[in-house]
Amino acid sequence: MKKLKIGVIGLGGIANFHIEGILASGDAEVWSICDCNEEALLAKGEELNVPPQRRYVNHLDMLKDVELDAVTIGTPNSNHFRIAYDAIKHRKPFALEKPIALDAKEAAILRQALADRPLPHMVCFSYRYKPAVRYAKQLIGQGVLGKINHVYSQYLQSWGIREDIPLVWRFRKDLSGSGALGDLGSHILDLTRVLVGETVRVLADAGTIVKERELLSGEGKGEVDVDDFCHVLARFADGASSSMSISRFAYGRGNYQQIEIYGTDGALVYNLEEEDTIHVKLVGDQQFRKVDIPASFTANQMQSFFDLLRGKGDGFDATIEDGYINQVTLDSIVQSFTEERWIAIKEEAIVNG
Ligand code: SOE
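All values reported here derive from a predicted model rather than from experimental measurement.

Q: Would you take a moment to explain the UniProt feature "domain: GFO/IDH/MocA-like oxidoreductase" (unreviewed entry) in the chain for this structure?
A: In the numbering used here, UniProt assigns the "domain: GFO/IDH/MocA-like oxidoreductase" (unreviewed entry) feature to residues 133–268. Secondary structure over residues 133–268 splits into 21% helix and 37% strand, and the C-alpha atoms at its two ends are 11 Å apart.

As structure tokens, then:
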């Protein structure tokens, strides 16, 4: 079967993850690349042997290519909405990085555009492809924990501690929408939604630890106007209580995720650092024990995208609906720590999905 011709939009860090998945799959090839940085475009084009005529500085020129089958969108957050909207207009299926937009208003427009003219697509909540997450979802869905009472989550990194890191887009609200919350919290919100259920109200506290950083131009310093950390209390639709600790200033943490889920009949701990693992304590267990994850739960995000494009999706990929609910929840958390009060997640976001 002919390989899917994939255009990679945005050649920053996450593009390498997308490209790695394309090259590892026998179903697709890197057909074209796009980035506003001409140096990055040249370097990646040479590295991947992409012909110069398929190296674009403007995504619209890429989208006009009738041979192109689909695109991945891995730019800074401020470009997600526009590029995804243009991909929909040009009828090009897409894999869009999280968060899908800068705010719920942009996310709602993407959601409506796809409702009006459906198109195969995926939102890259990449930890949905961790075997531990998929197995945990099955165990919880089988009721082994009983009724869930508490969910305690952490997503911790440490790179923000380095004050020599300049004012990159992740530290600017106009380019990112929010800081650690949108970058890391979006993943935790999606995972707790996949594993437990819908969040219906939130109470948050957030702060910025390093308040200004060197401008990329080298001409002085600029304000960091997003959160370096965010702590959230939340309630699920069924009344279960949740807390989330999200930070880029957690010394010693590389890419640390932990979700502890406590039910009436058992507890389950999902952890990601070097590898993804599950520990459980169920009825009859004397202590928490690590469980082996069946190989059948192995998955790969980019292969899943290609399966989706070929009509063989497993239904576990995140859609624009998932991205929209995620964005509404992110906005509610920002509103909560800004106004210092509980905020209910807008009903229509939960009910309509
Ligand atoms: C931030 O450091 C980051 O790269 C996120 O942007 C990714 O979504 C996450 O998977 C790893 O950490």
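Q: Even after reading the chapter, I still don't get a negative patch on the surface, so can you show me in this structure?
A: Taken together, Glu-212, Glu-214, Glu-223 and Asp-225 make up a surface patch of like negative charges. Following the sequence through the fold, Glu-214 ends up in strand E9 (residues 212–214). With a relative accessible area of 36%, Glu-214 lands in the partly exposed category.

Q: What should I look at first to understand the pairing of strand E5 (residues 94–97) in this one?
A: On any regular strand, side chains alternate: one points to one face of the sheet, the next to the other face. Of the two faces of E5, the one holding Phe-94 and Leu-96 and the one holding Ala-95 and Glu-97 are both buried throughout. Bridge count for strand E4 (residues 70–73) against E5 is three bridges, and the pairing is parallel. Its bridge partner lying in E5, Thr-72 is registered against Ala-95. On the question of chirality, the crossover connecting E4 to the parallel E5 by way of helix H4 (residues 80–89) is right-handed. As defined by bridge partners, E5 adjoins strand E6 (residues 121–124) across four bridges and the pair is classed as parallel. Its bridge partner being in E6, Leu-96 is matched across the sheet by Val-123. Viewed along the sheet, the connection from E5 through helix H5 (residues 104–116) into E6 turns out right-handed.

Q: What's the story with the state of the cysteines in this structure? I'm lost.
A: Disulfides are covalent bonds that link the sulfur atoms of two cysteine residues. For the coordinates displayed, the defined rule picks out zero disulfides. Cys-34 takes part in no disulfide bond, and the closest cysteine sulfur, belonging to Cys-36, lies 7.9 Å away. According to the relative accessible area criterion, Cys-34 is buried, its value standing at 4%.

Q: What's the story with H4 in this structure? I'm lost.
A: Think of an α-helix as 3.6 residues a turn; residues three or four steps apart then line up on the same face. Counting buried residues along H4, seven of its 10 residues qualify, which places the element largely inside the surrounding structure. By the burial criterion, the buried members of H4 are His-80, Phe-81, Ile-83, Ala-84, Asp-86, Ala-87 and Ile-88. Elements that come into contact with the buried residues of H4 comprise strand E1 (4–9), helix H3 (59–63), E4, E5 and H5. Looking one or two residues past H4, Arg-91 carries a phi angle of roughly 60°, positive in sign.

Q: Can you walk me through helix H8 (residues 180–195) in this structure?
A: For H8, spanning 16 residues, the distance from its first C-alpha to its last is 21 Å, which sits close to the expected 22 Å at 1.5 Å a residue. Its axis deflected by about 35° at Ser-186, H8 carries its strongest bend there. Burial within H8 is extensive, with 15 of its 16 residues counted as buried. Positive phi shows up at Gly-197, right after H8, with a value of about 155°.

Q: Hey, could you run me through the packing of H4 against H5 in this one?
A: Helix-helix packing is characterised by the crossing angle of the two axes and by the distance between the axes. Between H4 and H5, whose axes approach to 10 Å, the crossing angle comes to 10°. Taken together, the axis directions place H4 and H5 in an arrangement best described as roughly parallel. Packed against H4, whose contacting residues are Phe-81, Ala-84, Tyr-85 and Ile-88, the element H5 presents Glu-106, Ile-109, Leu-110, Ala-113 and Leu-114 at the interface.

Q: Honestly, the pattern of salt bridges in this entry has me stumped. Any pointers?
A: Think of it this way: side chains of opposite charge can pair up when their charged atoms draw near. Summed over the entire model, instances satisfying the criterion amount to 21 salt bridges. With a closest N to O distance of 2.9 Å, Asp-183 and Arg-170 form a salt bridge. Pair noted here: Asp-183 is in helix H8 and Arg-170 is in the loop between strand E7 (148–156) and helix H7 (173–176), with a separation of 13 residues, a long-range link. Between Arg-248 and Asp-183 there is a salt bridge, with the nearest N and O atoms lying 3.5 Å from each other. Taken together, the residues Arg-248 in the loop between strand E12 (241–247) and strand E13 (256–263) and Asp-183 in helix H8 connect sequence positions 65 residues apart. In terms of burial, Arg-248 and Asp-183 fall into one category: buried.

About the cut-offs
Residues numbered from 1 in each chain as written. Predicted model: local features only at pLDDT ≥ 70, side-chain atom pairs only at ≥ 80, totals over all residues. Heavy atoms only, no water. UniProt positions renumbered as here; feature names shortened; annotations may be inferred. Helix = DSSP H or I, 4+ residues; strand = E, 2+ residues; numbered from the N terminus. Patch = residues over 30% accessible without salt bridge, like charges linked within 9 Å, V, L, I, M, F, W, Y side chains within 5 Å. Areas by Shrake-Rupley, 256 points an atom, 1.4 Å probe, with all protein chains shown as cover. Salt bridge = Lys/Arg side-chain N within 4 Å of Asp/Glu carboxyl O. Lys, Arg positive; Asp, Glu negative; His and termini not counted. Charge placed at Lys NZ, Arg CZ, Asp CG, Glu CD. Buried < 20%, exposed > 50% of the residue type's maximum accessible area, 1.4 Å probe, protein only. Pairing = 2+ DSSP bridges. Right-handed = clockwise from strand over helix to strand, strands pointing away. Disulfide = S-S within 2.5 Å. Contact = heavy atoms within 4.5 Å. Expected span 1.5 Å × (residues − 1). Bend = angle between axes of the 7 residues up to and from the residue. Axes fitted to C-alpha atoms, helices over the stretch in contact; angles between N-to-C directions. Parallel < 35°, antiparallel > 145°, perpendicular 65-115°, else oblique.

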